[in-house]
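# Reading the structure
Each chain is listed here by its residues.
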Amino acid sequence: MALKVGDKLPNFKAKDTNGNLFDSQDYIGKQPLVIYFYPKDETKVCTAQACSFRDNYEEFKHLGAEIIGISADSVQSHIKFKSKFNLPFILLSDNDKKLRKLFGVENDFLIIPGRQTFVVDKNGFIIMVFNSMSGTIHIEKALKVLKK
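Each residue is numbered by its place in its chain's sequence as written, counting from 1. At least 70 in pLDDT is required for a residue's local features to be given in this predicted model, at least 80 for side-chain atom pairs to be given and counted, and no such filter applies to totals for whole chains, interfaces and linings, which use all residues. To get the side-chain values, all heavy atoms of the structure are used, and hydrogens and water are removed first.

### Description of the sheet that holds strand 7 (residues 126-131)
Paired through their backbone hydrogen bonds, the strands of a sheet run either parallel or antiparallel. Worth spelling out the cut-off: Note on pairing: two strands pair once DSSP finds at least 2 bridges between them. Secondary structure is summarised from DSSP: a helix means a run of H or I of at least four residues, a strand means a run of E of at least two, and numbering begins at the N terminus for each. Interaxial angles span 0 to 180 degrees and are taken between N-to-C directions of axes, which are lines fitted to C-alpha atoms, for helices over the stretch in contact. Only heavy atoms enter the contact rule, under which two residues are in contact if any of them lie within 4.5 Å.
Taken in spatial order, the five strands make up an open sheet running 5-4-3-6-7, and their pairing is mixed. Each edge of the open sheet carries a strand with a single partner, namely strand 5 (90-93) and strand 7. Averaged over all adjacent pairs, the angle separating strand axes in this sheet is 20°, with direction ignored. Judged from the five bridges that link them, strand 6 (residues 116-120) and strand 7 form a sheet pairing that is antiparallel. The residue of strand 7 that forms the bridge with Thr-117 is Phe-130. Strands strand 4 (66-71) and strand 5 of the sheet are contacted by helix 3 (residues 75-84), whose axis makes an angle of about 155° with strand 5.

### Description of the pairing of strand 3 (residues 33-37)
Going by this rule: Only protein chains enter the accessibility calculation, which uses a 1.4 Å probe; a residue is then buried when its area is under 20% of its type maximum, exposed when over 50%, and partly exposed in between.
Of all the five residues making up strand 3, five are buried; the element is thus mostly covered by neighbouring parts of the structure. Side chains Leu-33, Ile-35 and Phe-37 of strand 3 all project onto a buried face; the interleaved residues Val-34 and Tyr-36 project onto the opposite face, where all are buried too. The pairing of strand 3 with strand 4 spans five bridges and is classified as parallel. Each bridged residue has a counterpart across the sheet, and for Leu-33 the counterpart in strand 4 is Glu-66. Bridge analysis of strand 3 against strand 6 gives five bridges, and the strand direction is antiparallel. Along strand 6, the bridge assignment pairs Tyr-36 with Thr-117.

### Re the nonpolar core
A general tendency of soluble globular proteins is for nonpolar side chains to be buried together. For clarity, the cut-off: Take the buried Ala, Val, Leu, Ile, Met, Phe, Trp, Tyr and Cys residues and link them wherever side-chain atoms come within 4.5 Å; each set so joined is a nonpolar core.
Val-34, Tyr-36, Phe-53, Phe-60, Ile-67 and Phe-89 are the most contacted members of the largest nonpolar core, which has 24 residues in total. Secondary structure elements with two or more residues in this core: strand 3, helix 1 (44-55), helix 2 (57-62), strand 7 and helix 5 (137-147). Ranked by residues supplied to this core, first place goes to helix 5 with five residues. Those residues in contact with Phe-60 that sit more than four places away from it in its chain are Val-34, Phe-53, Ala-65, Ile-67, Ile-139, Ala-142, Leu-143 and Leu-146.

### Brief notes about the side chain of Thr-47
Cut-off, in case you're wondering: Polar contact criterion, stated in full: a pair of N or O atoms within 3.5 Å, where within protein one must be able to donate a hydrogen and the other to accept it, and residues adjacent in sequence count only if both atoms are side-chain atoms.
The residue Thr-47 is located in helix 1 in this model. Within polar-contact distance, the side chain of Thr-47 engages the backbone oxygen of Thr-43 at 2.8 Å. Excluding residues that lie within four positions of it along the chain, Thr-47 makes contacts with Glu-42, Phe-81 and Phe-85.

### A short note on helix 3
Formally: The arc in question is the one traced by the directions running from the helix axis out to the C-beta atoms.
Residues of helix 3 that are buried include every one of His-78, Phe-81 and Lys-82, and no others. Looking down the long axis of helix 3, one finds its buried residues gathered within 95° of arc, a one-sided arrangement. Residues of helix 3 that are exposed and point more than 90 degrees away from the buried face comprise Lys-80, Ser-83 and Lys-84. Positive backbone phi, at 55°, marks Asn-86, one or two positions downstream of helix 3.

### Describing the packing of aromatic side chains
Formally: Aromatic pairing here means that ring centres of Phe, Tyr or Trp (its six-membered ring) are within 6.5 Å. Orientation follows from the plane angle: under 30 degrees is stacked, over 60 is edge-to-face, and everything else is tilted. In this scheme, the term charge over a ring applies when either NZ of a lysine or CZ of an arginine sits within 6 Å of the ring centre and within 35 degrees of the ring normal.
Enumeration over the complete set of coordinates arrives at 14 aromatic pairs. Considering the side-chain rings of Phe-12 and Phe-22, the 5.7 Å spacing of their centres and the 35° angle between planes classify their relative orientation as tilted. Taken together, the residues span a long stretch of sequence, with Phe-12 in the segment before strand 1 (13-15) and Phe-22 in strand 2 (residues 21-23) at a distance of ten residues. A relative accessible area of 5% means that Phe-22 is categorised as buried. Connected via pairs of aromatic rings, a cluster forms that spans Tyr-36, Tyr-38, Phe-53, Tyr-57, Phe-60, Phe-81, Phe-85 and Phe-89. Geometry around Phe-125 places Lys-8 over its ring, the cationic atom sitting 4.7 Å from the centre.

In C-alpha cells form, the structure reads like this:
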C-alpha cells in the first residue's frame, strides 16, 4: 500500500555513498526530509532532477530540510553520479527495491521505476506526495510545501 499524506514515515535503513548505514529514525524530531525516488543515475531527466535539487540545496537547508535521493543503482554508481554532478545531498541504494515497496512507489509505464517525491515534516509525518515523470517540477512542489 502506498504511503499518503498524514502517514508516519516508516523506519528504514540503507547504504549511502560513504558506505554508512542511513537510518531514517536519526532525523525524526530533528528536521524535515525530502525523499525522492528516481529511475536511474546518469539518465537525462534524472540528472536534470538531481542537478535542480543541487542548485536549490541551500534553499532546502535554509528551510531546515535534508534531501535524500533513492534509486536501485549500486552505491558505486551513486558515488560516480554524486561526484560527476557535485551533488551535496544523500543518495541511497535500493538495489533490492525494498524501499520502493515500503513507500509504495509504482513503476511508470509498467517497466520504468517511478519518480515520486515525499516531503516529511520534522515530526516524521508525510505532508506531500508527488508523482510525475517530469523531474524538475518535484523541486518546486517540495519547496512550496516546506515554505508553508
